[in-house]
Amino acid sequence: MATVKRSFNNRTCEAPYLIFLGPPGSGKGTQAEKLQHSFRLVQLSTGNLFREHIKNETPLGLKVKGILANGELVPDDLTVQMVVDRLDRPDTIMGVVFDGFPRTRDQALALQDRLDAKGKCITAAVLFRITDDEIVERLSARRTCPKDNSIFNLKSNPPRQDEICDLCGGALIMREDDKPEVIRHRLQVYRQQTEPLIEFYREQDMLIEVDATRSIQEIEAQLDEWMPMFIYNANS
């Protein structure tokens, strides 16, 4: 089994805080959701946070709404503030899975500074390792039902009837961002912006890798095997 050290400066964490790294389509969101159900770790996605704040018209949400309306990127300090505020809610007492955040080294440093100030720390960064060609093959086989938002995969989770939703019987579609040329552009952005985080967390002795080409069930079993180690490191 791989070894994971606790955190920056070997600080003791009060709960497991895991960062899931990997390209779009690597399966990190699926596994974060499963950890939320199995171990009551909060799945923290910045996209969901943005939508929640905008819907509730919070001061931060109004700022984000204006920024996005202008076609601009949300500044790192505002994103990190939303994340840190979310960590203050009582449901995070069992731990958190950061799903797709941080995306850049600057965000990682800003997050760590804010966590340090609160006496919190990252337990481990889990890298979902998979090649670009495998991602393109996986995502380009994805189909979505426009009526009930069900998601299928023609290779790994096909509908009972070809290109037809199992639930409502409607025709399935390929989303624009699942087209091969769009996927490769997203992967290029990921390689440029997010891949440096791999070395960043490796230098901190916090990186652990999982083979994301395996089945959902195999990856889930691997993470379940590692969880006692993460929880022990967080509370030791």
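Residues numbered from 1 in each chain as written. Predicted model: local features only at pLDDT ≥ 70, side-chain atom pairs only at ≥ 80, totals over all residues. Heavy atoms only, no water.

## Some words on the overall build of the chain
What counts, and what does not: What counts as a helix is a DSSP run of H or I of at least four residues, what counts as a strand is a run of E of at least two, and both are numbered from the N terminus. Two things to know: the radius of gyration comes from C-alpha atoms, and the globule rule equals 2.2 Å times the number of residues to the power 0.38. Only protein chains enter the accessibility calculation, which uses a 1.4 Å probe; a residue is then buried when its area is under 20% of its type maximum, exposed when over 50%, and partly exposed in between.
In terms of helices and strands, the chain carries nine helices and seven strands. On C-alpha atoms alone, the chain measures out to a radius of gyration of 18 Å, which is about the 18 Å that the 2.2 N^0.38 rule sets for 236 residues. In terms of principal-axis extent, the alpha carbons of the chain reach across some 55 × 45 × 35 Å. Classification of the 236 residues of the chain by burial places 43% in the buried group.

## Side note on the packing of aromatic side chains
For clarity, the threshold we go by: Two rings from Phe, Tyr or Trp (for Trp, the six-membered ring) form a pair when their centres are within 6.5 Å of each other. A pair whose planes differ by under 30 degrees is stacked, one over 60 is edge-to-face, and the rest are tilted.
Scanning the entire structure with this criterion turns up three aromatic pairs. When the centroid spacing of 5.0 Å and the interplanar angle of 75° are considered together, the rings of Phe200 and Tyr201 count as edge-to-face. For Phe200, a relative accessible area of 3% corresponds to the buried category.

## Things to note about the packing of helix α3 (residues 59-69) against helix α4 (residues 76-87)
The cut-off we apply is this: Angles run from 0 to 180 degrees between N-to-C directions of axes, and those axes are lines fitted to C-alpha atoms, restricted for helices to the stretch in contact. Helix crossings get a hand from a simple test, with the near helix turned counterclockwise from the far one by less than a right angle marking a left-handed crossing and a clockwise turn marking a right-handed one. Any two residues whose heavy atoms approach within 4.5 Å at even a single point are treated as in contact. Put simply, Ala, Val, Leu, Ile, Met, Phe, Trp, Tyr, Cys and Pro go in the nonpolar bin, Asp, Glu, Lys and Arg in the charged bin, and everything else, Gly too, in the polar bin.
At their nearest, the axes of α3 and α4 sit 11 Å apart, and the two run at 145° to each other. In this structure, α3 crosses over α4, and the sense of that crossing is left-handed. Note on element contacts: α4 touches α3 through Leu78, Gln81, Met82 and Asp85, opposite Leu60, Gly61, Lys63, Val64 and Ile67. Classifying every residue of the contact of α3 with α4 gives five nonpolar, two polar and two charged.

## What to know about the confidence of the model for the chain
Put simply, the rule reads: Confidence scores per residue from the predictor, reported as pLDDT, run from 0 to 100.
On average, residues of the chain score 87 in pLDDT, and 92% of them reach the 70 mark or higher. Counting contacts from residues 1-11, a segment whose pLDDT is below 50, to residues more than four positions away or on other chains yields 37 contacts.

## A short note on the pattern of salt bridges
To keep things clear, this is the line we draw: Salt-bridge detection follows one rule: a side-chain nitrogen of Lys or Arg within 4 Å of a carboxyl oxygen of Asp or Glu.
All told, the structure shown has 17 salt bridges when counted by the stated rule. The salt bridge involving Glu209 is made with Arg129; its shortest N-O contact spans 3.3 Å. Of this pair, Glu209 sits in strand β7 (residues 207-211) while Arg129 sits in strand β4 (residues 124-129), and the two are 80 residues apart along the sequence. A relative accessible area of 36% places Glu209 in the partly exposed class. Since its relative accessible area comes to 39%, Arg129 is described here as partly exposed. Each of Arg129, Glu199, Arg202 and Glu209 takes part in one network of salt bridges that share partners.

## Side note on the nonpolar core
Test applied: Throughout this description, the term nonpolar core refers to a set of buried Ala, Val, Leu, Ile, Met, Phe, Trp, Tyr and Cys residues connected via side-chain atoms within 4.5 Å.
Grouped together as the largest cluster of nonpolar side chains are 34 residues, with contacts concentrated most on Tyr17, Leu21, Phe98, Ile122 and Tyr201. The element that contributes the greatest number of residues to this core is α4, accounting for six residues. Sequence-distant contacts of Tyr17, defined by excluding residues within four places in its chain, comprise Leu87, Gly95, Val96, Phe98, Leu115, Lys120, Cys121, Ile122, Thr123 and Ala124. By size, the runner-up hydrophobic cluster in this structure holds 24 residues, among which are Val97, Ile219, Leu223 and Met229.

## A short note on the side chain of Asp178
Operational definition: For this analysis, a polar contact is any N or O atom pair within 3.5 Å, provided that within protein one partner can donate a hydrogen and the other can accept it, and provided that sequence-adjacent residues contribute only side-chain to side-chain pairs.
Relative to the assigned elements, Asp178 resides in the loop between β6 (151-153) and α7 (180-193). A relative accessible area of 0% means that Asp178 is categorised as buried. Within the local environment of Asp178, its side chain forms a polar contact with the side chain of Arg142, the two groups lying 2.8 Å apart. Those residues in contact with Asp178 that sit more than four places away from it in its chain are Leu139, Ser140, Arg142 and Ile183.

## Notes on the packing of helix α2 (residues 46-56) against α3
Heads up, the rule is: Orientation labels follow simple angle bins: below 35 degrees gives roughly parallel, above 145 gives roughly antiparallel, 65 to 115 gives roughly perpendicular, and whatever is left gives oblique.
Contact pair α2 / α3: the axes reach a minimum separation of 7 Å and the direction vectors enclose 110°. With respect to α3, the element α2 is oriented roughly perpendicular. When α2 is examined against α3, the residues Phe50, His53 and Ile54 are found in contact with a partner set consisting of Leu60, Gly61, Val64, Lys65 and Leu68.

## Looking at α7
As a reminder of what qualifies: Expected helix span is computed as 1.5 Å times (number of residues minus one). Along the arc lie the directions from the helix axis toward the C-beta atoms.
For α7, which comprises 14 residues, the first-to-last C-alpha distance of 20 Å matches the rise-based estimate of 20 Å (1.5 Å per residue) to within 8%. The set of residues buried in α7 consists of Ile183, Leu187 and Tyr190. Viewed along the axis of α7, the buried residues span an arc of 55°, placing them on a single side of the element. More than 90 degrees from the buried face of α7, the exposed residues found are Glu181 and Gln192. If you follow the buried residues of α7, they end up packed against β4, α6 (132-140) and α8 (196-203).

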